[in-house]
Amino acid sequence: MKKKAGILGGTFNPPHLGHLMIANEVLEALQLDEVRFMPNYHPPHKEMDHRVTDEDRIHMLQAAIDGHPRFVLELIEMERKGTSYTFDTMKALQEQEPETEFYFIIGGDMIEYLPKWYKIAELSRMVTFAGVRRPGYSVETPYPVQLVDTPEIYLSSTMLRQRAASGGTLRYLLPEKVIAYIKENRLYEA
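Residues numbered from 1 in each chain as written. Predicted model: local features only at pLDDT ≥ 70, side-chain atom pairs only at ≥ 80, totals over all residues. Heavy atoms only, no water.

## Considerations on the side chain of His16
- The topology assignment puts His16 in the loop between strand E1 (3-10) and helix H1 (17-29).
- A polar side-chain atom of His16 sits 3.0 Å from the main-chain amide nitrogen of Gly18. (Helix = DSSP H or I, 4+ residues; strand = E, 2+ residues; numbered from the N terminus. Polar contact = N/O pair within 3.5 Å; in protein donor to acceptor, adjacent residues only side chain to side chain.)

Here's what the structure looks like:
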């Protein structure tokens, strides 16, 4: 029997409870063996917000998923560097793991954007898109997307960075270990 792995990509700057809730809901609903959190790579010439490094994002992700036996870190895009198209990434993963069936997890904002994705027709034959609703976005798409009902929560990393910069509370929005990492390393400070 093929292993079933979900992939949740993003900048995870910072990773928040919305990411974790969506991953866990999809894991359970589709009976996946694991969900891999895959941080996108940022080219060296593009400065990240408030000088947050790739290492910081990886450490925050590790802290966020720590303790969940079926959440894992997938660093293929970080290791490959350069512009990472989902098509190229999934092709590489399938070549490395021909026995794994991949489910690519996307929010409503991405479902709407699918027609503009690089090599979307080929990609939609390679993976199963697992879609979750996001307030304010349509889930109508010409591409096959398996919708998973999850509580709709709108948390944005941008809003959380701004809140951290202004000294506002992050409690119940980010995992405690992520909040501790942000404070310890003085990330996002104004």
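## Quick notes on the side chain of Thr86
- Within the secondary structure layout, Thr86 lies in helix H4 (residues 86-96).
- Dropping the residues within four chain positions of it, Thr86 is found in contact with Phe104, Trp117 and Leu123. (Contact = heavy atoms within 4.5 Å.)

## A word on the packing of aromatic side chains
- Taken as a whole, this structure holds seven aromatic pairs when the rule is applied.
- Between Phe87 and Tyr118, the aromatic rings sit 6.2 Å apart at their centres with planes inclined by 80 degrees, giving edge-to-face as the arrangement. Pair noted here: Phe87 is in helix H4 and Tyr118 is in the loop between helix H5 (108-113) and helix H6 (120-126), with a separation of 31 residues, a long-range link.
- Residue Tyr118 is classed as partly exposed on the basis of its relative accessible area of 38%. (Phe/Tyr/Trp six-rings, centres within 6.5 Å; stacked < 30°, edge-to-face > 60°. Buried < 20%, exposed > 50% of the residue type's maximum accessible area, 1.4 Å probe, protein only.)

## Some details on the nonpolar core
- Counting residues in hydrophobic clusters, the biggest one holds 36 residues, and the most contacted among them are Val26, Val35, Phe37, Met60 and Phe71.
- Taken together, the elements giving at least two residues each to this core come down to H1, strand E2 (34-39), helix H2 (54-65), strand E4 (100-107), strand E5 (128-132), helix H7 (157-165) and helix H8 (176-184).
- The leading source of residues in this core is H1, at six residues.
- Once residues within four sequence positions are removed from consideration, Phe37 is found in contact with Leu8, Phe12, His19, Leu20, Ala23, Leu61, Ile65, Phe71, Val72, Leu73 and Glu74.
- With 20 residues, the next largest nonpolar core counts Ile7, Leu93, Trp117 and Val127 among its residues. (Core = buried A, V, L, I, M, F, W, Y, C linked by side-chain atoms within 4.5 Å.)

## Comments concerning the pattern of salt bridges
- Under the defined criterion, the tally for this structure stands at 10 salt bridges.
- Of the charged contacts, one joins Glu97 and Arg36 as a salt bridge, the two residues approaching to 2.6 Å between their closest N and O atoms. Note that Glu97 is positioned in the loop between H4 and E4 and Arg36 in strand E2, a separation of 61 residues in sequence. Across the pair, exposure class does not vary: Glu97 and Arg36 are buried alike.
- Across the salt bridge formed by Arg134 and Asp109, the nearest N and O atoms sit 2.8 Å from each other. (Salt bridge = Lys/Arg side-chain N within 4 Å of Asp/Glu carboxyl O.)

## Details of H8
- Within the sequence span of H8, burial applies to Val178, Ile179, Tyr181 and Ile182. Summarising the axial view, the buried residues of H8 lie within an arc of 160 degrees, below the 170-degree limit, and thus occupy one face. Away from its buried face, by an angle of more than 90 degrees, H8 presents the exposed residues Glu176, Lys183 and Glu184.
- Turning to H8, the residues buried within the fold contact H2.
- One or two residues past the end of H8 sits Arg186, with phi positive at roughly 50 degrees. (Arc of directions from axis to C-beta.)

## Overview of the packing of H2 against H8
- For the pair H2 and H8, interaxial distance at closest approach is 7 Å and the crossing angle is 150 degrees. One element, H2, and the other, H8, form an angle in the roughly antiparallel class. Along this stretch, H2 crosses H8, giving a crossing that reads as right-handed. Facing H2, whose interface residues are Glu55, Asp56, His59, Met60, Ala63 and Ala64, H8 presents Lys177, Val178, Tyr181 and Ile182.
- In the contact of H2 with H8, the residues fall into six nonpolar, one polar and three charged. (Axes fitted to C-alpha atoms, helices over the stretch in contact; angles between N-to-C directions. Parallel < 35°, antiparallel > 145°, perpendicular 65-115°, else oblique. Left-handed = near helix turned anticlockwise from the far one by under 90°. Nonpolar A, V, L, I, M, F, W, Y, C, P; charged D, E, K, R; others polar.)

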